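Take a look at the letters that make up each chain.
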Amino acid sequence: MTNEKRFKKVYLEIGNVCNLKCSFCPGTRRKPRQMTVEEFALAAARLREYTDYLYFHLMGEPLLHPQLESFLETAADMGYKVIITTNGTLLEKRGDVLLESGAVYKVNISLQSFEANDGGELEAYISACAAFAAKAAALGKLCVLRLWNNNGLDTLNDNIRSILRVHFPQPWVKSRMSLRLAERVYLEPGDKFDWPDMSVKTEAQPSFCYGLRDQIGVLADGTVVPCCLDHEGDIPLGNIFTQSVEDILSSPRATALYEGFSRRTAVEKLCQSCGYAARFK
């Protein structure tokens, strides 16, 4: 029997370790941790009736995980569609793991990470990302090249587009909020947004969020959070390694959060400081 509560996406943080320190990313003060094969299998099994889409993302770079291939095999066996979000720096070394997996449905590459770090060679980086995107598309996977840095670190965006034009000749076709560079390859611009920060003093304002409505997040230690922006686990709702998803979602804290947003009210301090949630007022 299909569960009535279904999410469009579940963010499953397989590890909170990253090889970059992007200036737009708040990072995490949590202890570095990678999920084990057993933990991933348990979490994936408990989440299965709640979603078809697993996003290997929250904090951390998923291509750093040594058991990534095993995780993708487990996800494929369970019938999941997996979405990978990566900074792209490891695609030349480990991209084949994604290309060869039948579970991988979509790969998001955060091109804005280049300007948010020091060092490297822009053309080589963008060319490697473009080459991967072309290979992924040929295998029927979606690939989205992100430039989520409008009004932020965006001085290299014109150069990035020029390099992309070499690999994906124009005309590019407008497609909703993105540009289709080729079949199944998209360039997606976006504004830089402020991550929620409980140290920021805010005044109560009408607010709405899709957390607990179309998404939840699971941190590397199993902590369940309401959305992908709770990068420190400031709103812990339970732990998927020790509790059922049903019990976690029916907890008093989760219920209060959900009902609060139904009234356009952010009951959690973290949510009150969220720049992204402000878009849904």
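Residues numbered from 1 in each chain as written. Predicted model: local features only at pLDDT ≥ 70, side-chain atom pairs only at ≥ 80, totals over all residues. Heavy atoms only, no water.

Undergrad: What is the right way to look at the nonpolar core in this model?
TA: Leu 47, Phe 56, Leu 98, Ile 109, Leu 111, Leu 145 and Leu 164 are the most contacted members of the largest nonpolar core, which totals 70 residues. Within the second largest apolar cluster, 10 residues are counted, among which are Tyr 55, Leu 58, Leu 219 and Cys 227. (Core = buried A, V, L, I, M, F, W, Y, C linked by side-chain atoms within 4.5 Å. Buried < 20%, exposed > 50% of the residue type's maximum accessible area, 1.4 Å probe, protein only.)

Undergrad: Would you take a moment to explain the side chain of Thr 85 for this structure?
TA: With respect to the helices and strands, the residue Thr 85 is situated in strand 3 (residues 81-86). Under the relative-accessibility criterion, Thr 85 is labelled buried at 5%. At a separation of 3.3 Å, a polar atom in the side chain of Thr 85 contacts the side chain of Asn 108. Each residue touching Thr 85, except ones within four places of it in the same chain, is listed here: Phe 56, His 57, Pro 62, Asn 108, Ser 110 and Arg 146. (Helix = DSSP H or I, 4+ residues; strand = E, 2+ residues; numbered from the N terminus. Polar contact = N/O pair within 3.5 Å; in protein donor to acceptor, adjacent residues only side chain to side chain. Contact = heavy atoms within 4.5 Å.)

Undergrad: What's the story with the packing of helix 3 (residues 91-99) against helix 4 (residues 122-138) in this structure? I'm lost.
TA: Across the interface, helix 3 lies against helix 4 with an axial gap of 11 Å and an inter-helix angle of 15 degrees. Judged by the angle between their axes, helix 3 and helix 4 are roughly parallel. Handedness of the crossing formed by helix 3 with helix 4: right-handed. On helix 4, the residues that touch Leu 91, Glu 92, Gly 95, Leu 98 and Leu 99 of helix 3 are Ala 128, Cys 129, Phe 132, Lys 135 and Ala 136. A class-by-class count of the residues in the contact of helix 3 with helix 4 yields 7 nonpolar, 1 polar and 2 charged. (Axes fitted to C-alpha atoms, helices over the stretch in contact; angles between N-to-C directions. Parallel < 35°, antiparallel > 145°, perpendicular 65-115°, else oblique. Left-handed = near helix turned anticlockwise from the far one by under 90°. Nonpolar A, V, L, I, M, F, W, Y, C, P; charged D, E, K, R; others polar.)

Undergrad: Even after reading the chapter, I still don't get the side chain of Asn 149, so can you show me in this structure?
TA: Here Asn 149 lies in strand 5 (residues 142-150). Of the residues examined, Asn 149 reaches a relative accessible area of 4% and is grouped as buried. Setting aside chain neighbours within four positions, we find Asn 149 in contact with Gln 112, Asp 154, Asn 157, Gly 190 and Lys 192.

Undergrad: Quick question: what am I supposed to make of the packing of aromatic side chains here?
TA: Pairs of aromatic rings are described using the distance from one ring centre to the other and the angle between the two planes. Under the criterion given, the structure shown has 7 aromatic pairs. Measuring from centroid to centroid gives 5.9 Å for Tyr 53 and Tyr 105, while their planes differ by 65 degrees, and the two rings are edge-to-face. Here Tyr 53, found in strand 2 (residues 53-56), pairs with Tyr 105, found in strand 4 (residues 104-110); they are 52 residues apart in sequence, far enough to count as distant. Residue class for Tyr 53 comes out partly exposed when judged on its relative accessible area of 27%. Residue Tyr 105 is classed as partly exposed on the basis of its relative accessible area of 32%. With 5.5 Å between their ring centres and 25 degrees between their planes, Phe 114 and Tyr 125 make a pair best called stacked. Residue Phe 114 is located in the loop between strand 4 and helix 4, and its partner Tyr 125 is located in helix 4; the two are separated by 11 residues in the primary sequence. Given the relative accessible area of 15%, Phe 114 is considered buried. Members of the aromatic cluster, each reached through a chain of ring pairs, are Phe 40, Phe 56 and Phe 71. The residue whose ring lies beneath Arg 48 is Tyr 80, and the NZ or CZ to ring-centre distance is 4.7 Å. Directly above the aromatic system of Trp 148 lies the positively charged group of Arg 146, at a separation of 3.9 Å from the ring centroid. (Phe/Tyr/Trp six-rings, centres within 6.5 Å; stacked < 30°, edge-to-face > 60°. Lys NZ or Arg CZ within 6 Å of the ring centre and 35° of its normal.)

Undergrad: Explain empty space enclosed by the protein to me, please; I cannot follow it from the model alone.
TA: Summary: where empty space remains is shown by rolling a probe the size of a single water molecule over the atoms. Under the definition given, this model contains 3 cavities of 30 Å³ or more. Of the voids in this model, the largest cavity is the one considered here, and its volume is about 100 Å³. If you trace the largest cavity, you find 14 residues lining it, with Cys 209, Pro 226, Cys 227, Phe 261 and Cys 271 closest to the centre. Of all the elements in the fold, those that place two or more residues in the lining of the largest cavity are helix 7 (252-262) and helix 8 (269-272). Looking at the lining of the largest cavity residue by residue, the classes come out as 12 nonpolar, 1 polar and 1 charged. Here the residues of the lining of the second largest cavity sort into 4 nonpolar, 3 polar and 1 charged. (1 Å grid on protein atoms, 1.4 Å probe; cavity = no way out; pocket = protein on both sides within 12 Å on 5 of 7 lines; lining within 4 Å. Points joined across faces, edges and corners; volume = space filled by probe spheres on them.)

Undergrad: Where do I start with the pattern of salt bridges in this structure?
TA: Where charged atoms from two side chains of opposite charge come close, those side chains can pair. This model, assessed by the stated rule, comprises 10 salt bridges. Put simply, Arg 253 and Glu 268 hold a salt bridge, and the shortest N to O gap is 2.7 Å. Placement of the pair is Arg 253 in helix 7 and Glu 268 in the loop between helix 7 and helix 8, with a sequence separation of 15 residues. When its relative accessible area of 34% is taken as the criterion, Arg 253 is described as partly exposed. Three or more residues joined by partner-sharing salt bridges are found here, namely Glu 13, Arg 29, Arg 30 and Glu 232. (Salt bridge = Lys/Arg side-chain N within 4 Å of Asp/Glu carboxyl O.)

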